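# Chain and residue survey
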Amino acid sequence: MREKLTIRDYPIAEKRPELLEAEGGKAIADLNLEAVESGAVTMEDLRITPLALGLQAEIARDAGRPTLADNFERAAELVEVPQDFIMEVYELLRPGRAASKAPLMDAARVLREVHGARRMAAFVEEAAEVYERRGLFRYRF
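All values reported here derive from a predicted model rather than from experimental measurement. (Residues numbered from 1 in each chain as written. Predicted model: local features only at pLDDT ≥ 70, side-chain atom pairs only at ≥ 80, totals over all residues. Heavy atoms only, no water.)

### Digging into the overall build of the protein chain
- Secondary structure assignment for the protein chain yields eight helices and zero strands.
- Reading the protein chain from its N end, one meets helices and strands in the order α-α-α-α-α-α-α-α.
- Expected size for 141 residues packed as a compact globule is a radius of gyration near 14 Å; at 18 Å, the protein chain overshoots this value by more than 25%.
- Taken across its 141 residues, the protein chain has 33% of its residues classed as buried.
- Relative to all contacts within the protein chain whose residues are 6 or more apart in sequence, the contacts with residues 24 or more apart total 56%.
- Accessible area for the protein chain stands at about 9,200 Å²; split by element, carbon and sulfur atoms hold 54% of it.
- Where the 21 positive side-chain charges of the protein chain centre and where its 26 negative ones centre are 9 Å apart. (Helix = DSSP H or I, 4+ residues; strand = E, 2+ residues; numbered from the N terminus. Rg over C-alpha atoms; globule rule 2.2 N^0.38 Å. Buried < 20%, exposed > 50% of the residue type's maximum accessible area, 1.4 Å probe, protein only. Contact = heavy atoms within 4.5 Å. Areas by Shrake-Rupley, 256 points an atom, 1.4 Å probe, with all protein chains shown as cover. Lys, Arg positive; Asp, Glu negative; His and termini not counted. Charge placed at Lys NZ, Arg CZ, Asp CG, Glu CD.)

Spelled out as structure tokens, the structure:
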């Protein structure tokens, strides 16, 4: 088991590259211009991974930035969620877009049960509670 990262490990790609790898398992050192030009690196290799976001969260927490760390952890959960569903939830979270609390609670349930994104589900549920308390469920658009 490795030790938690600290601010001394930032930036990870420079100070701890052995911890990072692309989605397909390529090492960070293998992601270079020559590999891109030869076609050995694809867009999938350049996508952020849940592991990289989790490592960034550790550093943010060590730096005294817990909110940023929470954001990295929620982002890590969203890496595997289909883009169209993320955009659907994003649209629901915009004030005036959801007519009631129910669509947000449904989205939270799908995040948790289908995609295993429990932190993101809790975030959406919290937003639904706040929107209800502030009367933001007036469908305007």
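### Quick look at the packing of helix 4 (residues 50–62) against helix 5 (residues 66–78)
- Relative orientation of the contacting elements helix 4 and helix 5 amounts to 170°, with a least axis distance of 8 Å. Classified by the angle their axes make, helix 4 and helix 5 are roughly antiparallel. Seen from helix 4, the contacting residues are P50, L53, Q56, A57, A60 and R61; seen from helix 5, they are P66, L68, A69, D70, F72, E73, A75 and A76.
- Per-class residue counts for the contact of helix 4 with helix 5 are ten nonpolar, one polar and three charged. (Axes fitted to C-alpha atoms, helices over the stretch in contact; angles between N-to-C directions. Parallel < 35°, antiparallel > 145°, perpendicular 65-115°, else oblique. Nonpolar A, V, L, I, M, F, W, Y, C, P; charged D, E, K, R; others polar.)

### Digging into unusual backbone geometry
- The residue after Y10, namely P11, is reached through a cis peptide bond having omega -5°.
- Mapped onto the fold, P11 is located in the segment before helix 1 (12–15).

### Observations concerning the pattern of salt bridges
- If you walk through the whole model with that rule in mind, you get 15 salt bridges.
- Note that R119 is salt-bridged to E73, the shortest N-O span being 3.6 Å. Taken as a pair, R119 in helix 8 (residues 118–133) and E73 in helix 5 lie far apart in primary sequence, 46 residues in all.
- Residue E91 pairs with R94 through a salt bridge whose shortest N-O separation is 3.4 Å. (Salt bridge = Lys/Arg side-chain N within 4 Å of Asp/Glu carboxyl O.)

### Some words on the side chain of D9
- With respect to the element layout, D9 can be found in the segment before helix 1.
- In this structure D9 touches K15, R16 and I59, once residues within four positions along its chain are discounted.

### Some words on the packing of helix 7 (residues 101–113) against helix 8
- Packing of helix 7 against helix 8 brings their axes to within 8 Å, and their N-to-C directions diverge by 170°. Accordingly, the angle class assigned to the pair helix 7 and helix 8 is roughly antiparallel. Here K101, L104, M105, A108, L111 and R112 of helix 7 lie close against helix 8, whose contacting residues are R118, M120, A121, A122, V124, E125, A128, E129, Y131 and E132.
- Split into classes, the residues belonging to the contact of helix 7 with helix 8 amount to ten nonpolar, no polar and six charged.

### Considerations on the confidence of the model for the protein chain
- Residues of the protein chain with pLDDT of at least 70 account for 98%, and the chain-wide mean is 94.
- For the protein chain, helix 3 (residues 43–46) is the element with the lowest average pLDDT, namely 89, and helix 5 is the one with the highest, namely 98. (pLDDT = per-residue confidence, 0-100.)

### Some remarks on the nonpolar core
- Judged by nonpolar contacts, the single largest core of 19 residues is most densely connected at F85, V89, L93, L104, L111, V124 and Y131.
- If you list the elements that add at least two residues to this core, you get helix 6 (83–93), helix 7 and helix 8.
- Looking at which element gives the most residues to this core, the answer is helix 8, with six residues.
- Beyond its immediate chain neighbours, meaning those up to four positions away, V89 contacts A107 and V124. (Core = buried A, V, L, I, M, F, W, Y, C linked by side-chain atoms within 4.5 Å.)

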